[in-house]
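Structural description and commentary
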Amino acid sequence: MNIETLFYLSDLFGVAVFAVTGALMAGRNAMDLFGVLVIALVTALGGGTLRDLILDNHPVSWIGNELYLVVASVGALGTVLWARFIKPLPEKALLIADAFGLAVFTVIGTEVALRDEVPVSTAVIMGVMTGVAGGVLRDVLCNQIPLIFQKEVYATACIAGSLVYMGLLQLGSGHWAATGVAMLVVLATRIAAIYWGLALPRFHLMDRKKHRG
Amino acid sequence: MNIETLFYLSDLFGVAVFAVTGALMAGRNAMDLFGVLVIALVTALGGGTLRDLILDNHPVSWIGNELYLVVASVGALGTVLWARFIKPLPEKALLIADAFGLAVFTVIGTEVALRDEVPVSTAVIMGVMTGVAGGVLRDVLCNQIPLIFQKEVYATACIAGSLVYMGLLQLGSGHWAATGVAMLVVLATRIAAIYWGLALPRFHLMDRKKHRG
Amino acid sequence: MNIETLFYLSDLFGVAVFAVTGALMAGRNAMDLFGVLVIALVTALGGGTLRDLILDNHPVSWIGNELYLVVASVGALGTVLWARFIKPLPEKALLIADAFGLAVFTVIGTEVALRDEVPVSTAVIMGVMTGVAGGVLRDVLCNQIPLIFQKEVYATACIAGSLVYMGLLQLGSGHWAATGVAMLVVLATRIAAIYWGLALPRFHLMDRKKHRG
C-alpha cells in the first residue's frame, strides 16, 4: 500500500467515525432519519470542505467521488440501526469516536497543507481546523457547547499531533511512522483527557461586575 | 422564455421569499432595520453562496449582479413596511414563505450541480444544501432551533424534490415540467407537514443516564 | 509609506484588535489557553477569509504569510498575560477593541471589493461582511447573542463607513484621507452608540400569540 492509499483510506475512516458522532449527537436531540443524515454529513465532511475551500483545492473531496457520501451515510445509518435494534450506545461512544476522527483529520489536514508549501504555523492551523471544524459545526447545529470549548484538553491534542507529525517528517521519518505516531499522540491525549478529566488552567479575563447578555 | 431565463427568474423569486423569512425571523427578535437587512441577505444568499464556493463557481451569483441584492433588500424592506403599517404577519407566513424558497432552491441547486457533471448523490446533497443552508444560517444567527431540525418533515421534502427532478429529466421530461413537478413535490410535502404535523420517527441513540451540557 | 503599506499595516492592526476581543470573549467563558487561541484566530481572520473565498482571492491572506497568525497569537497571548498578571480588563475594553477592528476591516473589505470592480452595493456588503463576520463567528461559538444583533447601532456604522469611503474616493479624495475619515465615522458611531446607547427603532413583525421554540 503506497502513501496515497494510506491517506485516502485514513480519510474515509475519519469520515466514517465523524459520521457516527454526528448521528449520535443528532439522535440525542431526537431528530428524524434525514435530520440525522444531514448532521452526520456535515460533521464528517465539514472540516475537509473548509480546508479545501481555504486552500483553493478543487474539486472538494466529496464532489465527484461518491464514496465519501456513501461511507458517511453508511456510518450514520449503521449507528441508527445498531442503537435502535441492538442497544443504545453509551455516552462515551461519542467522545471516543470523536477522538479517532480528530486524530485522523488532524494529520491529514497538516499533510494537505504541507503539500501546498505553506509555512509551518499555517500547516498547524490547517491541521487543527480540519480536525475540529466538523465537530464544531455538529455541536453548533445541535445547540450544544462545542466539545472543543469544554473543560478537557482538546485543541491542545490537535496542535501536539500536528507538530509531532511535522517534526518526525523533518527528522527523516517516513510518512507511515509519522502518521501513526502523530495519530497516537492525538488519540492518547484525548482519551486520557476524557477518562482523567485532564484540563489546562482556565482564564477569567474581565471584571464581571456587569454581565452582558 | 428559455430555460436559462426560467432558472434566473426562479432564483430571484427564491431570493425574495427567503429574504422575507429572514426579515420576519429578525423582526421576531426585535432587531433594528439594518439587523433585519443583514439577516435577510444572509438567508436569501447564504445557500447559493455556499453551493458556488463548494463547486468553485465564480463569480458567486450576487457578486457583479446587483439585482440579487436589490431583490433581497426589497423583500426585506417590503416585509418591514407591510408588517408595520398594514398588519403583523401570522406565524405561518414565515413557514409558508420558507417552503416556497426551499422548493425553488432545491431544484436550482440540483440543476447547478448537474451542470458540473457530479454524481447523482452529490447532486442531491447540493440540492438539499442550497435549499436549507440559508435558513439554517438564519435560525442559528437568531438563536432559534433550525426549522430543519424541528419535528416536521423538512430535509425529506428536499431529497424527494431533488430525486424527482433528476428522475424526470432522466425519463426524458423537459426542464420546465421537471422543475414544476419537483417544486410542487417539495412545496406540497412541506405544507402538508406544517398543517398536519407530519413527522418521521425519531431516534434516541444513547443511554441518557448522564446528560452532558 | 505607500498606499499598499497603509492597507497592509491597517489589516494587521485589525487582526490584532479582533484577536484581543476574541481572547476576552473566550476568557469570559473560562476557556483554556488553546481555546482562547482558537477563538482569537477565528475572530481575527474569519471576516477576511470569508471575503477572500467569496471574491475568489487566493491565496487567502494568512495562507503563506505567517505574520497574520503571529500578530493574532501575540494579541491573544498579550491579552491573557495582561488580564492575568496586571489586572482584569473592564467590560468596555471588548466593545472598544471591537469598534477599532470594525472600522479597519470595513474600509479594507470595501477597498478589496472595489479592486475586483464589483458594483457599489456589492462593495458595501463586502465591507460590512469583512467587518462583522469575525465578530459574529466569535459570538456564535461563545454562545452569545452577536453584538451586531444587540440593541446599539452596529451594522449601520459599517454601512455608513463603507459609503463614506467610496463617496470620498469618488469626489477625488486620496486613499489616505478617505481611509482615515471612513474609519473615524465607524469608530465614532460605535463609540457614541456604546456610551449613549444609541439605537434605531426595532420591529415586531409577527403576531406573537403562539411563540415557537
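Provided above is the structure to which this section pertains.
Thresholds applied
Residues numbered from 1 in each chain as written. Chains lettered and ligands numbered in written order. Predicted model: local features only at pLDDT ≥ 70, side-chain atom pairs only at ≥ 80, totals over all residues. Heavy atoms only, no water. Helix = DSSP H or I, 4+ residues; strand = E, 2+ residues; numbered from the N terminus. Rg over C-alpha atoms; globule rule 2.2 N^0.38 Å. Contact = heavy atoms within 4.5 Å. Least-squares fit on C-alpha atoms with pLDDT ≥ 70 in both. Buried < 20%, exposed > 50% of the residue type's maximum accessible area, 1.4 Å probe, protein only. Polar contact = N/O pair within 3.5 Å; in protein donor to acceptor, adjacent residues only side chain to side chain. Buried area = accessible area lost by both parts, 1.4 Å probe. Salt bridge = Lys/Arg side-chain N within 4 Å of Asp/Glu carboxyl O. Nonpolar A, V, L, I, M, F, W, Y, C, P; charged D, E, K, R; others polar. Patch = residues over 30% accessible without salt bridge, like charges linked within 9 Å, V, L, I, M, F, W, Y side chains within 5 Å. Areas by Shrake-Rupley, 256 points an atom, 1.4 Å probe, with all protein chains shown as cover.

Thoughts on the overall build of chain A
Per the secondary structure count, chain A includes 7 helices and 0 strands. When the helices and strands of chain A are placed in sequence order, the string is α-α-α-α-α-α-α. Computed over the C-alpha atoms, the radius of gyration of chain A is 17 Å, within 12% of the 17 Å expected from 2.2 N^0.38 for a compact globule of 213 residues. Taken over the C-alpha atoms alone, chain A extends approximately 50 × 50 × 30 Å along its principal axes. Of the contacts formed within chain A by residues at least 6 apart in sequence, a portion of 76% connects residues at least 24 apart.

Notes on the relation of the copies chain B and chain A
You can overlay chain B on chain A at an RMSD of 0.0 Å; the transform is a turn of 120 degrees with a shift of 0.0 Å along its axis. One copy is carried onto the other by what is essentially a three-fold rotation axis. Among all C-alpha atoms of chain B, that of L53 of chain B lies closest to the rotation axis, at 4.2 Å. Take the interface residues of chain B: only 10% of them recur as interface residues in chain A, which is what a contact between different surfaces looks like.

Topic: the side chain of T110 of chain A
All names here are of chain A. Looking at the element boundaries, T110 is found in helix α4 (residues 91–115). In this structure T110 comes out as buried when scored by relative accessible area, which is 0%. Of note is the side chain of T110, whose polar atom sits 2.7 Å from the backbone oxygen of T106. Setting aside residues no more than four positions away along its own chain, T110 makes contact with A123, G127, S162, Y165 and M166.

Observations concerning the relation of the copies chain C and chain A
Mapping one chain copy onto the other needs a rotation about an axis and a shift along that axis. Once turned by 120 degrees and shifted 0.0 Å along the axis, chain C lies on chain A with an RMSD of 0.0 Å. Of the interface residues in chain C, just 8% have counterparts in chain A that sit at the interface too, so the contact is made through distinct surfaces.

A few points about the interface of chain C and chain A
Listed per partner, the contact involves 40 residues of chain C and 31 residues of chain A. Counting each side, the surface lost to burial between chain C and chain A is near 3,300 Å², with a carbon and sulfur contribution of 66%. Taken as a group, R28, D32 and F34 of chain C account for 17% of the area that chain C buries against chain A, more than any other trio of residues on that side. Taken together, chain C and chain A are joined by 0 salt bridges. Counting every contact that joins chain C to chain A gives 1 residue pair in polar contact (both at pLDDT 80 or more). Going through the elements one at a time, α1 (3–28), α2 (33–55), α3 (66–86), α4 (91–115) and α5 (120–141) of chain C are the ones with two or more residues in the side of chain C that touches chain A. Of the residues assigned to the side of chain C that touches chain A, the class counts are 26 nonpolar, 8 polar and 6 charged.

A few points about a nonpolar patch on the surface
Residue and element names in this part refer to chain A. A grouping of M1, Y8, L9, L67, V70, V74 and W176 is seen on the molecular surface, where their side chains present a nonpolar patch of about 660 Å² in accessible area. Only α1 (3–28) and α3 (66–86) provide two or more residues apiece to the nonpolar patch. Here the nonpolar patch takes 3 residues from α3, the largest share from any one element. With respect to the helices and strands, the residue W176 is situated in helix α7 (residues 175–196). Take W176: its relative accessible area is 44%, and that puts it in the partly exposed class.

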